[in-house]
Amino acid sequence: MAAMPSTDPIIRPAVEQDEQTIRALDHAVWSPLSEVAPKGPADAPVFDQQHRPEQYLLAELDGEPVGYIRQLREIPLESNAHVRQIQGLAVLPKARGRGIGDALITAVCAAARAEGARRITLRVLGHNAPARRLYERNGFQVLGILPEHFLLEGSYVDDVWMGRALD
């Protein structure tokens, strides 16, 4: 596999035409380290009523899509309108270690702030140490842990809830 060029990532909003790109990224990074359910068919739709293009930001290096992040309102109540939740982050293995995850988190926090959000949360599997380090590096703190919340490949795994302020 060829090394990625040494350029800074471009982060941009997703559009309807990015559906196949997001699906391909999703399938390329799927792992029981980060996912609680097996991937569906390779041709399954990405966008639907709950998953809309405007919820996604795409990362590109030298014009090639290498990652995405998805954020949305955590709970559809007016009293919770100031909170967003990250519900998906993917970076291709060949692009890891190049600051793509950091750039995506920075961009999604800025987008959430621009929408009036004051807080952002996420959930991560307890055994996903690389993702937890990424989130901690970007100011997320553990808010709570659901012990042994998932049974994955014969082992119980904690579900870790993390969050941070956006100010």
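Only a predicted model underlies this, so the values are computations on that prediction, with no experimental measurement involved.

With that settled, consider the pairing of strand S7 (residues 155-165). Two elements, strand S5 (residues 119-125) and S7, share seven bridges in a ladder whose sense is antiparallel. By the bridge assignment, Leu 122 is partnered in S7 with Met 162. The antiparallel hairpin formed by strand S6 (residues 141-152) and S7 contains two residues in its connecting segment, where Glu 153 sits at a positive phi of about 50 degrees.

We now examine the environment of Val 29. Along the polypeptide, Val 29 turns up in helix H1 (residues 19-29). Val 29 sits 129 residues away from Asp 158 along the chain, and the two C-alpha atoms are 21 Å apart.

In contact at an axis separation of 10 Å, helix H2 (residues 100-114) and helix H3 (residues 129-137) are set at 50 degrees when each is read in the N-to-C sense. In terms of axis orientation, H2 runs oblique to H3. The handedness of the crossing between H2 and H3 is right-handed. Across from Gly 101, Asp 102 and Ile 105 in H2, the residues of H3 making contact are Leu 134, Tyr 135 and Arg 137. A per-class count over the contact of H2 with H3 returns three nonpolar, one polar and two charged.

So, about the nonpolar core. Membership of the largest hydrophobic core comes to 36 residues, with the highest contact counts inside it found for Ile 22, Ile 100, Ile 120, Tyr 135 and Phe 140. At the level of secondary structure, the elements contributing two or more residues to this core comprise H1, strand S2 (56-61), strand S3 (64-73), strand S4 (83-91), H2, S5, H3 and S7. Among the elements that line this core, the one with the most residues is H2, at six residues. Setting aside its immediate chain neighbours within four residues, Phe 140 contacts Ile 86, Ile 105, Ile 120, Leu 122, Tyr 135, Met 162, Gly 163 and Arg 164.

The final tally for this structure, using the stated rule, is seven salt bridges. Glu 60 is paired through a salt bridge with Arg 12; the nearest N and O atoms lie 3.0 Å apart. Of this pair, Glu 60 sits in strand S2 while Arg 12 sits in strand S1 (residues 10-13), placing them 48 residues apart in sequence. On the accessibility criterion, Arg 12 (23% relative accessible area) is partly exposed.

With the rule as written, the count across this model stands at three aromatic pairs. Aromatic side chains Tyr 135 and Phe 140 sit 5.8 Å apart centroid to centroid with 65 degrees between the ring planes, which places their arrangement in the edge-to-face category. What makes Phe 140 buried here is its relative accessible area of 3%.

Each value, and the rule that gives it
- Residues numbered from 1 in each chain as written.
- Predicted model: local features only at pLDDT ≥ 70, side-chain atom pairs only at ≥ 80, totals over all residues.
- Heavy atoms only, no water.
- Pairing = 2+ DSSP bridges.
- Helix = DSSP H or I, 4+ residues; strand = E, 2+ residues; numbered from the N terminus.
- Axes fitted to C-alpha atoms, helices over the stretch in contact; angles between N-to-C directions.
- Parallel < 35°, antiparallel > 145°, perpendicular 65-115°, else oblique.
- Left-handed = near helix turned anticlockwise from the far one by under 90°.
- Contact = heavy atoms within 4.5 Å.
- Nonpolar A, V, L, I, M, F, W, Y, C, P; charged D, E, K, R; others polar.
- Core = buried A, V, L, I, M, F, W, Y, C linked by side-chain atoms within 4.5 Å.
- Buried < 20%, exposed > 50% of the residue type's maximum accessible area, 1.4 Å probe, protein only.
- Salt bridge = Lys/Arg side-chain N within 4 Å of Asp/Glu carboxyl O.
- Phe/Tyr/Trp six-rings, centres within 6.5 Å; stacked < 30°, edge-to-face > 60°.

By themselves, these observations are geometric and do not establish any function.
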